[in-house]
Amino acid sequence: MRIRTLTRPEGSAAAPTAKGTAAARPQDSPARRPSQPSRRFRRNGGPGRFAVFAAPGLLAYLALVLVPIGMTTGYSLTNKNPFNPPTRWVGLSNLTSLFSDDDFLKALQNTVVITVIVTLVTNAGGLAIALLLDRRGWLYNALRSVFFVPVVLSAVVVSVIWQSILVDDGLLNTVLRQLGVDHPPGWLSDPGLALYTVSWVIAWQGLGFCVVIYLAGLQGIPQELYEAAAIDGCGPMKRFRNVTWPMLAPSVTINTVMSLIGGFKAYDQIQVLTNGGPGPNTTSTLAFQVVQTAFNGNHVGYASAMAVAMLILVATVSVIALGWLQKREVSA
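Scoring rules and cut-offs
- All residue numbers refer to positions counted from 1 along the written sequence of the respective chain.
- At least 70 in pLDDT is required for a residue's local features to be given in this predicted model, at least 80 for side-chain atom pairs to be given and counted, and no such filter applies to totals for whole chains, interfaces and linings, which use all residues.
- The side-chain quantities take in all heavy atoms of the structure and omit both hydrogens and water.
- Helix and strand definitions here come from DSSP, where helices need a minimum of 4 consecutive H or I residues and strands a minimum of 2 consecutive E residues; each element is numbered from the N-terminal end.
- Accessibility here uses a 1.4 Å probe with only protein chains present; expressed as a share of the type maximum, an area under 20% marks a residue as buried, one over 50% as exposed, and anything in between as partly exposed.
- Here a residue-residue contact requires only that any non-hydrogen atoms of the pair lie within 4.5 Å.
- Note that accessible areas follow from Shrake-Rupley with a 1.4 Å probe, and for residues the cover is restricted to the protein chains shown.
- Throughout this description, the term nonpolar core refers to a set of buried Ala, Val, Leu, Ile, Met, Phe, Trp, Tyr and Cys residues connected via side-chain atoms within 4.5 Å.
- For every element, the axis is a line fit to its C-alpha atoms; helices are fit only across the contacting stretch, and the angle between N-to-C directions ranges from 0 to 180 degrees.
- With respect to orientation, any angle under 35 degrees is reported as roughly parallel, any angle over 145 as roughly antiparallel, any angle of 65 to 115 as roughly perpendicular, and every other angle as oblique.
- For this scheme, ten residues count as nonpolar: Ala, Val, Leu, Ile, Met, Phe, Trp, Tyr, Cys and Pro. Four count as charged, namely Asp, Glu, Lys and Arg, and the remainder, Gly too, count as polar.
- With the far helix as reference, a near helix turned anticlockwise by less than a right angle produces a left-handed crossing, and one turned clockwise produces a right-handed crossing.
- Patches in this entry comprise residues that are over 30% relatively accessible and not in a salt bridge; like charges within 9 Å are linked, as are nonpolar side chains (Val, Leu, Ile, Met, Phe, Trp, Tyr) within 5 Å.
- A carboxyl oxygen of Asp or Glu within 4 Å of a side-chain nitrogen of Lys or Arg is what we treat as a salt bridge.
- Multiply 1.5 Å by the residue count of a helix minus one, and that product is the helix's expected span.
- One axis fitted to the seven residues ending at a residue, another fitted to the seven starting there: the angle between these axes is the bend at that residue.
- Geometry of aromatic contacts follows a simple scheme: Phe, Tyr and Trp rings, the Trp one being its six-membered ring, pair when their centres are within 6.5 Å, and the pair is stacked under 30 degrees between planes, edge-to-face over 60, tilted otherwise.
- Across the chain, each position has a pLDDT score giving the predictor's confidence in that residue, from 0 to 100.

Quick notes on the overall build of the chain
Point 1. Per the secondary structure count, the chain includes 15 helices and zero strands.
Point 2. Buried positions account for 32% of the 332 residues belonging to the chain.
Point 3. Relative to all contacts within the chain whose residues are 6 or more apart in sequence, the contacts with residues 24 or more apart total 67%.
Point 4. Total accessible area on the chain stands at roughly 20,800 Å², and carbon and sulfur atoms take up 66% of it.

Structural data, given as structure tokens:
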């Protein structure tokens, strides 16, 4: 019986040892890693599954945002009136007519005043309240919820509540009469006061949002910075100026831009509290003027031109403010 012996052919490589195999694995693994994400992506469905998940949101954005903007832009170039056909192409004449329209210019002026008041009040008040509530304890948690409640309420509900307080025979004037004020102010009936009253109501409702954003920013500031500032001998005001305020730059950006947008699109409070009065266009805003022109006057084409002008104005102001505030974030 012959036993055949297996011999290695001459010139053949030696069989890898366990140590050699273990040493070779780290060299082989990097070559396989680039293909793993693509294999996993294909195994999970690839671009098809991504399209399935993204399609509902994209379709909703297309149907509810892009299509209405496109239709409004198209209507602004016509004299569309559903009760006075036919519709004719008028080009940019609607947009150019806005610069000589006293009602539109008055609404623009009122909108700017409201926007400035809302932006200043919500940011200053929100920061002050956030500094007071930046404490631990159940009481401070409850107060945070109280300040945020108006944000989640409907603007119509808030306006109805404030209307019952601010009318001539409302709660506020009743209290003032009991305190000895014979002729309390007409908060909503005085043409010189109504615009500022409405601005206060809008700012009051948006105050809670700013408080929450500033609280989040305050809680994200490292305590080591305050300790270092205290060691350097900085008092409370210096700590706020040199530590708190620079670190709150992202929060200031968010609140300022959101307040600007909220002020420019104010409508519900105007409709409920004053209906554009007292007097002609005393508290009328751009959004209010658009609705009145389109649905009361049936001038859809002209109202669409107002809406396009409002969109351009809000986008321009928001982009400028965002760019300036982001530069401040970098410098801070």
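Some details on the nonpolar core
Point 1. Counting 19 residues, the largest nonpolar core has V211 and Y214 as the members making the most contacts within it.
Point 2. Counting only elements with at least two residues in this core, the list comes to α5 (102-133), α9 (194-219), α10 (223-231) and α12 (249-264).
Point 3. Here this core takes six residues from α9, the largest share from any one element.
Point 4. Residues contacting V211, with those up to four places away along its chain left out, are G126, I129, A130 and L133.
Point 5. Counting 15 residues, the second-largest nonpolar core is a separate cluster that includes L188, A203, A266 and L273.

Topic: the packing of helix α7 (residues 155-166) against helix α8 (residues 171-178)
For any two helices packed against each other, the geometry comes down to the angle between their axes and how far apart the axes lie.
Point 1. As a packed pair, α7 and α8 sit with axes 4 Å apart at the nearest point and diverge in direction by 25°. One finds that α7 runs roughly parallel with respect to α8. Counted together, S164, I165 and L166 of α7 and L171, L172 and N173 of α8 form the full contact between these two elements.
Point 2. The class makeup of the residues in the contact of α7 with α8 is four nonpolar, two polar and no charged.

A few points about the environment of P280
Point 1. In this fold, P280 is placed in the loop between α13 (268-273) and α14 (286-296).
Point 2. Using a relative accessible area of 75% as the deciding quantity, one classes P280 as exposed.
Point 3. Taking the C-alpha atoms as reference points, P280 and D103, 177 residues apart in sequence, are found 8.7 Å from one another.

Concerning the packing of α10 against helix α11 (residues 236-247)
Point 1. In the contact formed by α10 and α11, the axes pass within 10 Å of each other and the chain directions differ by 160°. With respect to each other, α10 and α11 are oriented roughly antiparallel. When you trace α10 past α11, the crossing you get is right-handed. Listed contacts from α11 to L225, Y226, A229 and A230 of α10 are R239, V243, T244 and M247.

A closer look at a nonpolar patch on the surface
Point 1. On the surface, L59, Y61, L62, L66, V67 and M71 cluster together into a nonpolar patch covering about 560 Å² of accessible area.
Point 2. Here V67 shows up in helix α3 (residues 46-76).

Thoughts on α9
Point 1. With 26 residues, α9 should cover 38 Å at 1.5 Å per step; its first-to-last C-alpha distance of 38 Å lies within 8% of that length.
Point 2. Where α9 bends most, at G206, the angle is about 35°.

A look at unusual backbone geometry
Point 1. Cis geometry marks the peptide bond from P85 to P86, where omega comes out at 0°.
Point 2. Along the polypeptide, P86 turns up in the loop between α3 and α4 (93-97).
Point 3. For the bond from G277 to P278, the omega torsion is -5°, close enough to zero to count as cis.
Point 4. Inspection of the secondary structure puts P278 in the loop between α13 and α14.
Point 5. Within the chain, N275 stands out as a residue other than glycine whose phi angle is a positive 55°.

Section: the packing of aromatic side chains
How two aromatic rings sit relative to each other is given by the distance of their centres and the angle of their planes.
Point 1. With the rule as written, the count across this model stands at four aromatic pairs.
Point 2. Centre to centre, the rings of W162 and W200 are 6.4 Å apart; their planes meet at 85°, and the pair counts as edge-to-face. Of this pair, W162 sits in helix α7 while W200 sits in helix α9, and the two are 38 residues apart along the sequence.
Point 3. Judged by its relative accessible area of 15%, W162 falls in the buried class.
Point 4. Assessed through its relative accessible area of 41%, W200 is described here as partly exposed.

Here's the deal with the confidence of the model for the chain
Point 1. When the pLDDT values of the chain are averaged, the result is 85; 86% of them are 70 or greater.
Point 2. Here helix α1 (residues 18-32) stands out as the element of the chain with the lowest mean pLDDT, 47, in contrast to α5, whose mean of 95 is the highest.
Point 3. Across residues 1-30 the pLDDT falls below 50, and counting only partners more than four positions away or on other chains, this stretch makes two contacts in the model.

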